[in-house]
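Architecture and fold: a report
Residues per chain are reported as follows:
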Amino acid sequence: QVQLVESGGGLVQAGGSLRLSCTASESTRNINSMGWYRQAPGKQRELVATISKSGITNYADSAKGRFAISRDNAKNVVFLEMNSLKPEDTAVYYCNAVVERSYAYDLWGQGTQVTVSS
């Protein structure tokens, strides 16, 4: 069974930093892109950042210049470095992975809470 586990969430003051990690129990050849999404209370889940197997990144406008996504393909780990955090960043952050064998499907983690105080 494939699983996706996040860690690194917590409480931080505005202007502070956090580093999220996500590990997938899947063969490196079967995982395509990985990424981070978030969902705040009363809002829809939204994309934060994604990274392809070759290292191509994509960021939401709200994350550009503040967040950095990276990955270790050999260990199936994706990171999200968050800097200059704002109260608006408060949300549950979910790890995502696209798995490809004979077909493609999404994996989602359980989520990790990030709370930014003003």
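As a starting point, this report considers the structure included with it. Because the structure is a prediction, the values reported are computed rather than measured.

1. With respect to the overall build of the protein
Check the secondary structure of the protein and you find zero helices and eleven strands. Starting at the N terminus, the α and β elements of the protein follow one another as β-β-β-β-β-β-β-β-β-β-β. A compact globule built from 118 residues would reach a C-alpha radius of gyration of about 13 Å, and the protein, at 14 Å, matches this within 12%. Considering the protein as a whole, with its 118 residues, one finds that 42% of them fall into the buried category. Considering only residue pairs separated by 6 or more positions, the protein has 54% of its internal contacts joining residues 24 or more positions apart.

2. Re the pattern of salt bridges
Side chains carrying opposite charge are able to pair once their charged atoms draw close together. Under the definition given, this model contains five salt bridges. The closest approach of N and O atoms between Arg-38 and Glu-46, which form a salt bridge, is 2.8 Å. On the basis of relative accessibility, which here comes to 35%, the residue Glu-46 falls in the partly exposed class. With a closest N to O distance of 3.0 Å, Arg-38 and Asp-89 form a salt bridge. Linking Arg-38 in strand S4 (residues 31–39) with Asp-89 in the loop between strand S8 (77–82) and strand S9 (91–100), this pair joins segments that are 51 residues apart in sequence.

3. Observations concerning the pairing of strand S10 (residues 104–108)
Examined bridge by bridge, S9 and S10 share five bridges and lie antiparallel to one another. Following the sheet pairing, Ala-97 is matched in S10 by Leu-107. With antiparallel pairing between neighbouring strands as the criterion, S9 and S10 make up a hairpin whose turn holds three residues.

4. Examining the sheet that holds strand S7 (residues 67–72)
Taking strand neighbours across the sheet as the criterion, the four strands line up as S1-S3-S8-S7 in an open arrangement whose pairing is antiparallel. Lying at the two open borders of the sheet, with one neighbouring strand each, are strand S1 (4–7) and S7. Put simply, the sheet's adjacent strands are angled 15 degrees from each other on average, direction ignored. When strand S3 (residues 18–24) meets S8, the two strands line up antiparallel, connected through six bridges.

5. Focus on the pairing of S9
With respect to burial, S9 is a largely interior element, eight of its ten residues being buried. Where S4 meets S9, seven bridges bridge the pair, whose relative direction is antiparallel. Residue Gln-39 lies in a different strand from S9, and its bridge partner there is Val-92. Of the strand pairs in this sheet, S9 and strand S11 (residues 112–117) are connected by three bridges, and their pairing is antiparallel. Paired with Tyr-93 across the strands is Thr-112, a residue of S11.

What counts and how
- Residues numbered from 1 in each chain as written.
- Predicted model: local features only at pLDDT ≥ 70, side-chain atom pairs only at ≥ 80, totals over all residues.
- Heavy atoms only, no water.
- Helix = DSSP H or I, 4+ residues; strand = E, 2+ residues; numbered from the N terminus.
- Rg over C-alpha atoms; globule rule 2.2 N^0.38 Å.
- Buried < 20%, exposed > 50% of the residue type's maximum accessible area, 1.4 Å probe, protein only.
- Contact = heavy atoms within 4.5 Å.
- Salt bridge = Lys/Arg side-chain N within 4 Å of Asp/Glu carboxyl O.
- Pairing = 2+ DSSP bridges.
- Axes fitted to C-alpha atoms, helices over the stretch in contact; angles between N-to-C directions.

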